[in-house]
Amino acid sequence: MKTYFCFIECDVLSIPHVEPLMARTDAEALEEAAALLQTHASGIAAHVLCGEERIGTVRPDPTRPDTDPDETIGV
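Undergrad: Quick one: what's the story with the overall build of the chain, residue by residue and with numbers?
TA: When you go through the chain residue by residue, the secondary structure sums to one helix and four strands. The proportion of buried residues among the 75 residues of the chain is 25%. Sequence-distant contacts, at least 24 apart, represent 45% of the contacts inside the chain between residues at least 6 apart.

Right under this line is the structure:
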């Protein structure tokens, strides 16, 4: 059985928050990561890994139509 982990990247901490996921498939892991990201107000990305393999990254929906989701947030 695969074990998925989600690393939540945020704009207020330099160290990502790590959560294990209950997903059984890559698609479920990405969906679970998207839901988890919504629970972190300062979250800017959720990176999903399975072992050494990076499955993908999800980002929150932009709050403004002119917001670039890949914009680097300065500290």
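What follows picks up the thread again.
Undergrad: Go over the pairing of strand β2 (residues 17–21) with me, naming the residues and quoting the values.
TA: Where strand β1 (residues 4–10) and β2 come together, five bridges link them in antiparallel fashion. When the sheet's bridge partners are listed, Phe7 is paired in β2 with Val18. Counting the residues in the hairpin turn of β1 and β2 gives six residues.

Undergrad: I'd like a rundown of the pattern of salt bridges, residues and numbers included.
TA: Enumeration over the complete set of coordinates arrives at one salt bridge. For Lys2, the salt bridge is made with Asp26, and the minimal N-O distance between the two is 3.7 Å. Within this pair, whereas Lys2 is found in the segment before β1, its partner Asp26 is found in helix α1 (residues 26–38), the two being separated by 24 residues in sequence.

Undergrad: So what's going on with the sheet that holds strand β3 (residues 43–50)? Residues and values would help.
TA: Here four strands make up an open sheet; going across it, the order is β2-β1-β3-β4 and the pairing antiparallel. The open sheet has two free edges, formed respectively by β2 and β4 (53–58), since each of these has just one partner strand. Mean inter-strand twist for the sheet, computed between neighbouring axes without regard to direction, equals 25°.

Undergrad: Before we move on, can you summarise the pairing of β3 with the specific residues and values?
TA: Consecutive side chains of a regular strand alternate in pointing toward one face of the sheet and then the other. Most of β3 is tucked away, with six of its eight residues classed as buried. Where β1 and β3 come together, seven bridges link them in antiparallel fashion. Along β3, the bridge assignment pairs Cys10 with Gly43. Bridge count between β3 and β4: five bridges; the pairing is antiparallel. Bridged to Leu49 within β4 is Arg54. Where β3 folds back on β4, the antiparallel hairpin that results is connected by two residues, among which Gly51 adopts a positive phi of roughly 65°.

Undergrad: Let's hear about the environment of Leu30: which residues, and what values?
TA: For Leu30, the position within the fold is in helix α1. As a C-alpha pair, Leu30 and Gly56 span 26 residues in sequence and 7.1 Å in three-dimensional space. In contact with Leu30, not counting residues within four places along its chain, are Val48, Ile55, Gly56, Thr57 and Val58.

Rules behind the numbers
- In this convention, every chain numbers its residues from 1, walking through the sequence in written order.
- With the structure being a predicted model, the display of local features is reserved for residues of pLDDT at least 70 and the display and counting of side-chain atom pairs for 80 or more, all residues being used for whole-chain, interface and lining totals.
- Side-chain metrics rest on all non-hydrogen atoms present in the structure, leaving aside hydrogens and water.
- Numbering of helices and strands runs from the N terminus; a helix is a DSSP stretch of H or I covering at least four residues, while a strand is a stretch of E covering at least two.
- Categorising residues by exposure relies on relative accessible area from a 1.4 Å probe, with only protein chains included: less than 20% of the type maximum marks a residue as buried, more than 50% marks it as exposed, and the intermediate range marks it as partly exposed.
- By definition in these notes, contact holds between two residues if any of their heavy atoms fall within 4.5 Å.
- Pairing between strands requires that DSSP locate at least two bridges from one strand to the other.
- Salt bridge criterion: a side-chain nitrogen from Lys or Arg within 4 Å of a carboxyl oxygen from Asp or Glu.
- Here, axes are lines fitted to C-alpha atoms. For helices the fit covers the stretch in contact, and angles between N-to-C directions go from 0 to 180 degrees.

That is the geometry; function is a separate question.
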